[in-house]
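# Summary of structural features
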Amino acid sequence: MTAVVQARVFRNSYRDSVELMRIAAELESMDGVLRAGLVMATSANCEVLTEAGLFVDSLADAGPNDLALAVSASDAAVAAAALELAANRLGGQATETAAPAQRANARTIAEAVAELGKADLALISTPGTYATAEAMKAIKRGLHVFLFSDNVPLADEIELKTMARRKGLLMMGPDCGTAILDGIPLGFANAVRRGSVGLVAASGTGLQQVSCLIDRSGAGISQAIGVGGRDLDERVGGAMMLAGIERLLADPGTAVLVLISKPPAESVARAVLEVAAGASKPVVVNFLGGDPEAIRSMGLIAAPTFEAAADAAAAIALGRPVPAAMDLSAYDHEAPDGQSLLAAAASAASTLGAGQWRIRGLYSGGSLAAEAKLILKAVLGATAARHEILDLGDDEYTVGRPHPMIDPRLRNEHIAAAGADPATAVILLDVVLGYGSQDDPAGAMVPAIEDARAAAAADGRSVAVVASVCGTEADPQVLSSQEARLAGAGVLLAPSNARAARLAASIAALAAVASAATSASERTRAIVEQAAAGMTR
Amino acid sequence: MPAIAVPPRTALATQVSTPLPPRLGASRRGRVHSIYRTAFNVALPPGDLIVIADPALGGLPNGVLVDLGPDHRRLGLAPDQLVRLDARSIAVPATGLRVALDAAVRWSPRLPAADRGAGQRWRLRASDVRTLVATRAIGASDTRSAGFGGLLAGVQSRPLPLHAARAASVLDQLAAALPGDDVDAAGRIARRLVGLGPGLTPSGDDALIGLAAALHATGHPARGFLGEAVEDAPARTTAVAATLLRHAADGEFSERLQRLLAALLGDEDAAVPPAVEQAIAWGATSGTDCLVGVLFGLDIALNTVPRESSVAR
């Protein structure tokens, strides 16, 4: 019988000797294992391994602080199995003999998997520097990964996604904050009804808005896969967007797909749209700010806003006719609840003073802020740039401070400042509910809104406050009670961020029209005439 | 991403090795090197390793003893984290952890030389100690003999592991070189033990430290042999072992080694068995390997090489 020798090196490995001894003993007791050497790769030990016939080329460049594992076995399969066993043991520790009263919590992915028995997903939220290694360990073990961490280098993202693709696994992230898998919400997700709409999203709050609006219209979500904000970058190539599409097409529980992203790089857009076009199920594509024609020409449904995407998908899922594609600037005069958006805008605009013109958007969701900016541009044209839409969740605001979805203080400060500014006409807000958000976002915001109004009133001004609540009845915060709280504070509510942005834009447009008026009654007349004409430019 | 606040905590060190605070001086920067259950190491450029350890480990020549809970791996430490050190504290900003050195007892890692009566006492108890050690070494789990344990007289296990056989041959040569007081020759021979054998501190290094301790305790003229042997230790063994070897070459040892030698050479017979048992329990094989070195060193220094040489296999 010729013995087979295989070896592996673990770089910069610092395990305590008791552990190493245990692993070595375990290896030597395996059937078919003739000898096992588990030693630090010092030159003295490499000489001994050579003498023992255990030295192989792969150990040649190992150094004294690297751990060398060499196994001599009756055949290659046994040797490989022994190395694998040792690698698993080294990847985490076997549960130590703790005192009976203590129960050690799993410290590593290996331990956790052992404890759970059957795990298929790892949710990783560690500082960016360490995230890659952990994600890699998980993928190597055959787990899908939800990677919350940001500050992960692009090269690492590419490597992780390539590895995951090869193994048929999902690598969601980095910087992925939201997903709903098999009905289980991960990260910043909402409690939405289960149904037949599948989402693949490179945007967290986009996923939240679409899923909540689908829930509102009576349809439900089969799977909502987050892919991380950078997935559709040219260098990443939409790897996970494509993987997500594949999965949803193969999922019997999904009848219609929705793809959500800001416009991808051209090559990536082409690749994604081609796959979508050849799909056996209808695909709604929401590339925020992208060209709808390119999408329609491939036979796909182009949705310019999150709301349009949700409406189209829900209609398909519920077997209803798909609404006509809405332009960003299109007005819908009748909201589903019967309230005319224009009428609401007109009455708000008529309460404003001559010098009030500015929209101050104070957002916690980045994609919602982006959508608002697009809508403002479409409705107001060139003058849109004079208004201010802030994404308060952006890095520049969150260094050393919690995210506004978790801590209301930063946004409340801005609300107060907006109220104090005599040029402010409208404060535009997003209120995001769900498992990751604070207990009572509306309640936390109302005092600041009331203070802002009071400050303006002291100056003889009124301020319009417009908001949309992204959430569902089943969310811990309960959609209807959050809306009621805001309505009670005089906030003008819209059922979606797109409508809220349009409402704010309408108020500003009508206020601008009236700015030339010299008296209050002239002002009101000008606004009503304009509103009636249905024109906003 | 949401920021997670880390509550700062300061722990008071109970004991610190005397050379350490002056070496830290006004302000030094290091990096977390490695983390274990009962200790973690900090790499301090240009080549030092400081260990922050649980008090149960006893004084260490490069160490600070502090109670940080049952598992140092749960403190949020990670390799490469920045560490700020000065004579008064050691802090890891990323984890909010700070170890204050002010109130710590200063402990010296230097080995006191034994008194004149030590030689006589040792001669009287040497063979009993050897029997005791061999019995305990066999009685302990099989893994204990995986280091150099097989070299202990009377321990009949499987054929000696290769590294132990190699060590036996080196010790034979040392047995010839040391009595001649040829420090350089002894150093060159001893160098072959550096990095040899299993363990995070390879067996050969533990044996050399034990040997050096025995020679220091007995004031042997060749006790400086280790300096020559460990000049290039960082290239030939692990970082942790290299640090301990360097301290041993300077005559600085751990508290438990100090206690072991004090018991073996002291005037209380009853203190010997528990000291031996405790020594065997160190690490996986570190204790046994160190003991091999200690016994070898005492035999050389005090002329008690047994008729059946423990290394003549």
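Residues numbered from 1 in each chain as written. Chains lettered and ligands numbered in written order. Predicted model: local features only at pLDDT ≥ 70, side-chain atom pairs only at ≥ 80, totals over all residues. Heavy atoms only, no water.

### A few points about the packing of aromatic side chains
So the rule is basically this: Note on aromatic contacts: the rings of Phe and Tyr and the six-membered ring of Trp form a pair at centre separations within 6.5 Å, being stacked when their planes are under 30 degrees apart, edge-to-face when over 60 apart, and tilted otherwise. Secondary structure elements follow DSSP: runs of H or I of four or more residues count as helices, runs of E of two or more count as strands, with numbering from the N terminus. A simple rule labels every residue: compare its accessible area, found with a 1.4 Å probe on the protein chains alone, to the largest value its type can have, and call it buried under 20%, exposed over 50%, or partly exposed in between. Any Lys NZ or Arg CZ that is within 6 Å of a ring centre and within 35 degrees of that ring's normal is treated as a charge sitting over the ring.
In this structure the tally under the stated criterion is one aromatic pair over all chains. With centroids separated by 6.1 Å and ring planes inclined at 25 degrees, the aromatic side chains of Phe148 of chain A and Phe188 of chain A adopt a geometry described as stacked. A residue pair is termed long-range when its members are at least 10 positions apart, and Phe148 of chain A in the loop between β5 (144–147) and α6 (154–167) and Phe188 of chain A in the loop between β8 (184–187) and β9 (194–201) qualify at 40 residues. Side by side, Phe148 of chain A and Phe188 of chain A carry an identical accessibility label, which is buried. In this structure, Arg386 of chain A is placed above the aromatic ring of Trp357 of chain A, and the distance from its NZ or CZ to the ring centre is 4.3 Å. When the ring centre of Trp282 of chain B is taken as reference, the NZ or CZ atom of Arg256 of chain B above it lies at 4.6 Å.

### Comments concerning the interface of chain A and chain B
For interface size, the figure often reported is the accessible area lost on association. Counted only if it meets this: In what follows, residue pairs with any heavy atoms lying within 4.5 Å of each other are defined as contacts. Buried area is a sum: the accessible area each of two parts loses on coming together, probed at 1.4 Å, counted once for each and added. Salt bridges, as used here, are contacts in which a Lys or Arg side-chain nitrogen is within 4 Å of a carboxyl oxygen on Asp or Glu.
At the interface, 34 residues of chain A touch 35 residues of chain B. Of the roughly 2,900 Å² buried where chain A meets chain B, counting both sides, 58% is carbon and sulfur surface. When the buried area of chain A at its contact with chain B is split by residue, Tyr14, Met21 and Arg107 of chain A rank highest and sum to 21% of it. Taken together, the links from chain A to chain B amount to two salt bridges. A salt bridge links Glu51 of chain A to Arg166 of chain B; the nearest nitrogen and oxygen atoms lie 2.7 Å apart. Going through the elements one at a time, α1 (17–28), β2 (33–40) and α2 (43–51) of chain A are the ones with two or more residues in the side of chain A that touches chain B. Among the elements that take part in the side of chain A that touches chain B, α2 of chain A stands out by supplying six residues, more than any other.

### A few points about the sheet that holds strand β14 (residues 358–363) of chain A
Residues and elements named next belong to chain A. Just so we agree on the cut-off: Should DSSP find at least two bridges between two strands, the strands are regarded as paired. Angles here are taken between N-to-C directions and fall from 0 to 180 degrees, while the axes themselves are lines fitted to C-alpha atoms, restricted in helices to the stretch in contact.
Spatial ordering of the open sheet is given by β15-β14-β16-β17-β18, a layout of five strands whose pairing is parallel. The sheet terminates laterally at β15 (388–391) and β18 (492–494), the two strands that pair on one side only. Direction aside, neighbouring strands of the sheet carry axes that sit 20 degrees apart on average. As defined by bridge partners, β14 adjoins β15 across four bridges and the pair is classed as parallel. Across the sheet, residue Tyr363 finds its bridge partner in β15, namely Asp391.

### What about the sheet that holds strand β3 (residues 28–35) of chain B?
Residue and element names in this part refer to chain B. Read across the open sheet, the ten strands follow the order β1-β9-β8-β7-β3-β4-β5-β6-β2-β10; overall the sheet is mixed. The open sheet has two edge strands with one neighbour each: β1 (9–12) and β10 (105–107). The sheet shows a mean angle of 25 degrees between the axes of neighbouring strands, direction not considered. Pairing geometry for strand β5 (residues 48–53) and strand β6 (residues 63–65), over three bridges, is parallel. Within β6, the position partnered with Val51 by the bridge is Gly63. Packed onto the sheet, helix α8 (residues 239–249) meets β3, β4 (39–44) and β5 and runs at close to 100 degrees relative to β5.

### Details of the pattern of salt bridges
A full pass over the atoms with the stated rule returns 32 salt bridges over all chains. Its salt-bridge partner being Arg165 of chain A, residue Glu246 of chain A comes within 3.2 Å of it at the nearest N-O pair. Linking Glu246 of chain A in helix α8 (residues 239–250) with Arg165 of chain A in helix α6, this pair joins segments that are 81 residues apart in sequence. A salt bridge links Glu252 of chain B to Arg110 of chain B, with the nearest nitrogen and oxygen atoms 4.0 Å apart. Remark: Arg110 of chain B occurs in the loop between β10 and α2 (118–139) and Glu252 of chain B occurs in the loop between α8 and α9 (255–265); sequence separation between them is 142 residues. According to the relative accessible area criterion, Arg110 of chain B is partly exposed, its value standing at 45%. It is possible to trace a salt-bridge network through shared partners that takes in Glu157, Lys161, Arg230 and Asp231 of chain A.

### As for the confidence of the model for chain B
Residue and element names in this part refer to chain B. For the record, the criterion: For every residue, the pLDDT score states the predictor's confidence, bounded by 0 at the bottom and 100 at the top.
Across chain B, the average pLDDT comes to 85, with 90% of residues at or above 70. Considering only residues more than four positions removed or in separate chains, one finds that residues 1–5, a stretch of pLDDT under 50, has nine contacts. Prediction confidence for the complex, expressed as pTM and ipTM, is 0.54 and 0.80 respectively.

### Looking at the environment of Ala3 of chain A
Residue and element names in this part refer to chain A. Relative to the helices and strands, Ala3 resides in the segment before β1 (4–10). A relative accessible area of 41% places Ala3 in the partly exposed class. For the pair formed by Ala3 and Asp75, sequence separation is 72 residues and the distance between their alpha carbons is 6.6 Å.

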